[in-house]
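Coordinates in review
Below are the chains, spelled out letter by letter.
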Amino acid sequence: MNYSEKVMDHFTNPRNVGEIPDADGIGEVGNAKCGDIMKMYLKIDGTTITDVKFKTFGCGAAVATSSMATEMIKGKSIDDALNLTNKAVMEALDGLPPVKVHCSVLAEQAIKAALSDYYQRQGIDPEPIVGKVPECEECH
Amino acid sequence: MKKRFIYADHAATTPVSDAVLQEMLPYFQTHFGNPSSIYAKGRENERAIMDARARVAACLGAQPGEIFFTAGGSESDNWAIKGTAIQLAAQGKKHIITSVFEHHAVLHTCEFLEKQGFSVTYLPVSPEGLIDPADVEKAICEDTALVTIMYANNEIGTIQPIAEIGAICKAHGVLFHTDAVQAVGNVEIDVKAQNIDMLSLSGHKLHAPKGVGALYVRKGIRLPNLIHGGGQEMGRRAGTENVPGIIGLAKAMELATADIPGKIAKLTPLRNKIIDGILKIEQTRLNGDREHRLCGNVNISIVGVEGESLLLMLDNFGVAASSGSACTSGSLDPSHVLLSLGLKHEVAHGSLRLSFGEEFTEEDADYILSVIPQVVDRLRAMSPMWETIVKEGRKLV
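Cut-off values and rules
- Residues numbered from 1 in each chain as written.
- Chains lettered and ligands numbered in written order.
- Predicted model: local features only at pLDDT ≥ 70, side-chain atom pairs only at ≥ 80, totals over all residues.
- Heavy atoms only, no water.
- Helix = DSSP H or I, 4+ residues; strand = E, 2+ residues; numbered from the N terminus.
- Rg over C-alpha atoms; globule rule 2.2 N^0.38 Å.
- Buried < 20%, exposed > 50% of the residue type's maximum accessible area, 1.4 Å probe, protein only.
- Patch = residues over 30% accessible without salt bridge, like charges linked within 9 Å, V, L, I, M, F, W, Y side chains within 5 Å.
- Areas by Shrake-Rupley, 256 points an atom, 1.4 Å probe, with all protein chains shown as cover.
- Salt bridge = Lys/Arg side-chain N within 4 Å of Asp/Glu carboxyl O.
- Lys, Arg positive; Asp, Glu negative; His and termini not counted.
- Charge placed at Lys NZ, Arg CZ, Asp CG, Glu CD.
- Phe/Tyr/Trp six-rings, centres within 6.5 Å; stacked < 30°, edge-to-face > 60°.
- Contact = heavy atoms within 4.5 Å.
- Nonpolar A, V, L, I, M, F, W, Y, C, P; charged D, E, K, R; others polar.
- Pairing = 2+ DSSP bridges.
- Right-handed = clockwise from strand over helix to strand, strands pointing away.
- Polar contact = N/O pair within 3.5 Å; in protein donor to acceptor, adjacent residues only side chain to side chain.

Moving on, we get to the overall build of chain A. Helix and strand content of chain A: seven helices and three strands. Written out in order from the N terminus, the α and β elements of chain A read α-β-β-β-α-α-α-α-α-α. By the compact-globule yardstick of 14 Å for 140 residues, chain A fits well, its C-alpha radius of gyration being 14 Å. Considered along the principal axes of its C-alpha atoms, chain A spans approximately 45 × 30 × 25 Å. The burial tally for chain A puts 56% of its 140 residues in the buried class.

A few words on a negative patch on the surface. Residue and element names in this part refer to chain B. Judged by side-chain charge, Glu-188, Asp-259, Glu-358 and Glu-359 come together as a negatively charged surface patch. For Glu-358, the location among the structural elements is in the loop between strand E12 (351–355) and helix H13 (362–381). The class for Glu-358 is partly exposed, based on a relative accessible area of 45%.

Okay, the packing of aromatic side chains next. All names here are of chain B. This model, assessed by the stated rule, comprises three aromatic pairs over all chains. When the centroid spacing of 5.6 Å and the interplanar angle of 75° are considered together, the rings of Phe-68 and Trp-79 count as edge-to-face. In this pair, Phe-68 is assigned in strand E2 (residues 67–70) and Trp-79 in helix H3 (residues 73–89), connecting sequence segments 11 residues apart. Residue Trp-79 is classed as buried on the basis of its relative accessible area of 3%. Taking the centre distance of 4.0 Å and the plane angle of 15° together, the rings of Phe-356 and Phe-360 count as stacked. Grouping residues by exposure puts Phe-356 and Phe-360 together as buried.

Attention now goes to the interface of chain B and chain A. The interface is formed by 22 residues belonging to chain B together with 28 residues belonging to chain A. There are three salt bridges connecting chain B and chain A. Put simply, Lys-39 of chain A and Glu-387 of chain B hold a salt bridge, and the shortest N to O gap is 3.2 Å. Those elements that provide at least two residues to the side of chain B that touches chain A are helix H9 (307–316), helix H10 (326–329), helix H12 (345–348), H13 and helix H14 (384–392) of chain B. Counted by class, the side of chain B that touches chain A contains 10 nonpolar, seven polar and five charged residues.

Turning to the pattern of salt bridges, a few remarks are in order. Across all of its chains, the model carries 29 salt bridges over all chains by this definition. The residue Lys-55 of chain A makes a salt bridge to Glu-19 of chain A at a minimum N-O spacing of 2.8 Å. Of the two residues, Lys-55 of chain A sits in strand E3 (residues 48–57) while Glu-19 of chain A sits in the loop between helix H1 (5–12) and strand E1 (25–31), which places them 36 residues apart along the sequence. You can call Lys-55 of chain A buried: its relative accessible area is 7%. Glu-233 of chain B serves as the salt-bridge partner of Arg-53 of chain B, at 2.7 Å between the closest nitrogen and oxygen. Taken together, the positions of Arg-53 of chain B in helix H2 (residues 40–60) and Glu-233 of chain B in the loop between strand E8 (213–217) and helix H7 (243–258) put the pair 180 residues apart, joining distant regions of the chain. Like Arg-53 of chain B, the residue Glu-233 of chain B is buried in the burial classification. If you follow the salt bridges from partner to partner, you end up with Glu-19, Glu-28, Lys-39 and Lys-55 of chain A together with Glu-387 and Lys-391 of chain B in one network.

Let's shift gears to the pairing of strand E2 (residues 36–45) of chain A. Residue and element names in this part refer to chain A. Among the 10 residues in E2, eight count as buried, and that is most of the element. As paired elements, E1 and E2 share seven bridges and run antiparallel to each other. Bridging from a neighbouring strand, Gly-27 pairs with Met-40 of E2. Following E1, the chain reverses through four residues before pairing antiparallel with E2; Gly-35 in that reversal takes a positive phi of roughly 95°. Counting the residues that bridge the hairpin from E2 to E3 gives two residues, and of these Gly-46 lies at a positive phi of roughly 65°.

Let's shift gears to H14 of chain B. An α-helical segment advances 3.6 residues per turn. Residues three or four places apart therefore align on the same side. Taken together, the buried positions of H14 of chain B are Pro-384, Met-385, Trp-386, Glu-387 and Ile-389 of chain B. Next to the buried residues of H14 of chain B lie E2 and E3 of chain A together with H12 and H13 of chain B. Phi turns positive, to about 65°, at Gly-393 of chain B, one or two residues after H14 of chain B.

The subject of this paragraph is the pairing of strand E5 (residues 144–148) of chain B. Residue and element names in this part refer to chain B. Within E5, five of the five residues are buried, which leaves the element mostly enclosed by the surrounding structure. Relative to E5, strand E3 (residues 95–99) runs parallel, the two being bridged by three bridges. Bridge assignment links His-95 to a residue of E5, and that residue is Thr-144. Both E5 and strand E6 (residues 175–179) contribute to a ladder of three bridges, which runs parallel. Residue pairing for E6: Val-147 is matched across the bridge by Phe-176. In the classification by handedness, the crossover that spans E5, the intervening helix H6 (residues 162–172) and the parallel E6 is right-handed.

Residues and elements named next belong to chain B. Relative to the elements of secondary structure, Asn-153 occurs in the loop between E5 and H6. Taking C-alpha positions, Asn-153 is 9.1 Å from Asp-179, a pair spaced 26 residues apart along the chain. Contact partners of Asn-153, with chain neighbours within four places excluded, come to Phe-101, Thr-158, Gln-182, Leu-294 and Val-337. Only 3.0 Å separates the side chain of Asn-153 from the backbone oxygen of Phe-101, close enough to count as a polar contact. At 3.0 Å, the side chain of Asn-153 and the backbone nitrogen of Ile-156 are in polar contact.

Interpretation in functional terms is not warranted from these geometric data alone.
Take a look at the structure:
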């Protein structure tokens, strides 16, 4: 498996690992059977994501994409986070091996799942805003 | 502990040893002749190959004329299985017996033959990774052409009851092939005493170079030619011989089989020390029987961590190892070997294989045992799966 230096850096020194005890939104995607689970915690103030943490069970690419995705949305607006694509995460990591592209999809979905949870907690139907977060099987 | 570099993936490949390399070197430039040529430079290489054939045969209890040099284990497996299938289909025998946890070189060959109209029985294995010879006997029917069962499993290192299976096949008049790629040099093999009709082996697992192997075919069994062309390999596998590779294989075989009891006596306690050390970590499990096991193989599942991450972190600590996780298999499913033992997917994803050779030391074992708990702690701390398991008080193994 040929990982870029950036992937190895984010795997070896992942940014924003952990939990936010009083998170405003929590999203978990993937499943143990497939070998990848990502859990994303968001702290939101107004329309700004003030803090983000993650926990990931998965391969090197899964850890690296989670780490990079958290860096890319921290301090940004909810809209920016909603517009973050798996492609952008991959590009920021200088690419991923083809068999690992699904890891970047999972990272995008983890953010969307956390934002859905945030809106639900606000009593707002998340689907018109966030869209449908597909089940793990659908991404393969 | 000071960082060390430990190559713990001998089941994947091994470095060419000095003694093997020295024996090979003259055959690149000085003795470069084509063994089929009539002049002295050719004839001396023909003799060298004859000599190598006899040396390899002696290591297995075979006759020189029963050894065919190939490009490796996968080629040998393909030749033995497809060759037997073609040969015996003419007699109406179109049934093959194998097991669910064979190497892909065997499994995919059998699947190919199924598409060609052969029927294949895939025998189950016990939760300890052993095949029951009684299952082999029960599966044999009138049109069984071949039984192909691996000698030792490449992932979990379990050693199969080969002599028992050989005796059953002989009694029923069915041919018996074994993929012994992981076994040669680790267990005493005598093809005659064990009633093995065909045996595949590979050079690079025992300090010979990559790209050379052999197939033992008992005298009297006629396999169709693998490669049509010139008269090399007694006319069965055409193409100018890989002379340096063949010479290297002969030397490597001699060295690997010179003192197998000594190797077992040296490595078994180290292997057990590593197994017991890792099993001290909660929610871990040894995969494969401990007794009937290669002396240099450790395979353990560690709940809550994923195999590839584990390997990358171990690599940072200088330890090169392997895993049966989906991420390292290049598919979404974890290793078919681990699943065949009845492991849950999530447990199989967290597997670690350490396989080592004769140079492995007590210090290496201590280093590995100092590194693994740190790596596991770190990965579990960031694993949402482990978090859930702990929260719910679940035991996965």
